[in-house]
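Residues per chain are reported as follows:
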Amino acid sequence: MDKTILVVDDEMAIRMILETLLGQRFDVVCLENGEQALDWLKENKLPDCMILDLSMPGIDGFEVIRRMREDRSLAQVPVIVLSSKDSTADRIRCSTLGAHEYVVKPFHPADLEARIDSLFRRRG
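What counts and what doesn't
Residues numbered from 1 in each chain as written. Predicted model: local features only at pLDDT ≥ 70, side-chain atom pairs only at ≥ 80, totals over all residues. Heavy atoms only, no water. Pairing = 2+ DSSP bridges. Helix = DSSP H or I, 4+ residues; strand = E, 2+ residues; numbered from the N terminus. Axes fitted to C-alpha atoms, helices over the stretch in contact; angles between N-to-C directions. Contact = heavy atoms within 4.5 Å. Parallel < 35°, antiparallel > 145°, perpendicular 65-115°, else oblique. Left-handed = near helix turned anticlockwise from the far one by under 90°. Nonpolar A, V, L, I, M, F, W, Y, C, P; charged D, E, K, R; others polar. Core = buried A, V, L, I, M, F, W, Y, C linked by side-chain atoms within 4.5 Å. Buried < 20%, exposed > 50% of the residue type's maximum accessible area, 1.4 Å probe, protein only. Right-handed = clockwise from strand over helix to strand, strands pointing away.

Chemist: Could you give an account of the sheet that holds strand E2 (residues 27–31), naming the residues involved and the relevant values?
Modeler: Across the sheet, 5 strands lie side by side as E2-E1-E3-E4-E5; this open sheet has parallel pairing. A single partner strand is all that each edge strand has here, and the edge strands are E2 and strand E5 (101–104). For this sheet, the mean angle separating the axes of adjacent strands, direction not counted, is 20°. Bridge count for strand E3 (residues 49–52) against strand E4 (residues 79–83) is 3 bridges, and the pairing is parallel. In the strand pairing of E4, Met50 is matched with Val79. Running at roughly 175° to E5, helix H5 (residues 109–123) makes contact with strand E1 (4–8), E3, E4 and E5 of the sheet.

Dropping the structure here:
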């Protein structure tokens, strides 16, 4: 397992599902809010990918993406948004902020895995 995926979601069930689903192929780090994510990103080796919820208490996913893209050391981390919001406005906002993918909950595990694999292929 040479790739690390950072999962940031305030729902414990989602974190557990993603850790189980992805943990067989990747090192998975799970955090429950945006503040923890930004702290972790600054203190650890950068992940190969981040899966990020939008609706979280405190610092939401939009703000996490914005801050990451403003920080030169974090700007290149690929972000897959995983959200219960299926809004065109939210999709556009995430894309404009610099997210790479947008997946709506409930999600199909194979779809998420295919998007991760595609992202890694594109990035080399």
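Chemist: Can you tell me about the packing of helix H3 (residues 61–70) against helix H4 (residues 88–97), naming the residues and giving the values?
Modeler: Between H3 and H4, whose axes approach to 9 Å, the crossing angle comes to 20°. By the angle between their directions, the pair H3 and H4 is classed as roughly parallel. Seen along the crossing, H3 lies across H4 with a hand that is left-handed. On H4, the residues touching Phe62, Ile65, Arg66 and Arg69 of H3 are Asp90, Arg93, Cys94 and Leu97. When the residues that make up the contact of H3 with H4 are grouped by side-chain class, the tally is 4 nonpolar, no polar and 4 charged.

Chemist: Hey, could you go over the nonpolar core for me, with residue numbers and the actual values?
Modeler: Membership of the largest hydrophobic core comes to 23 residues, with the highest contact counts inside it found for Met50, Leu52, Met68, Val79, Val81 and Cys94. Looking at this core, the elements with two or more residues in it are E1, helix H2 (34–43), E3, H3 and E4. Other than its neighbours up to four places away in sequence, Met50 contacts Leu6, Val8, Ala37, Leu41, Val64, Met68, Val77, Pro78, Val79 and Ile80. Formed by 18 residues, the second largest nonpolar core is a distinct cluster that contains Val7, Leu18, Leu21 and Phe107.

Chemist: Describe the pairing of E1, and please don't skip the residues or the numbers.
Modeler: Within E1, 5 of the 5 residues are buried, which leaves the element mostly enclosed by the surrounding structure. Side chains Thr4, Leu6 and Val8 project from E1 onto one buried face, and the interleaved Ile5 and Val7 project onto a second face that is buried too. Relative to E2, E1 is paired through 5 bridges, and the arrangement is parallel. Note on E2: the bridge partner recorded for Val7 is Cys30. Between E1 and its parallel partner E2, the chain crosses via helix H1 (residues 12–22), and the hand of that crossover is right-handed.

Note that every value here comes from positions in space, so none of it alone points to a role or purpose.
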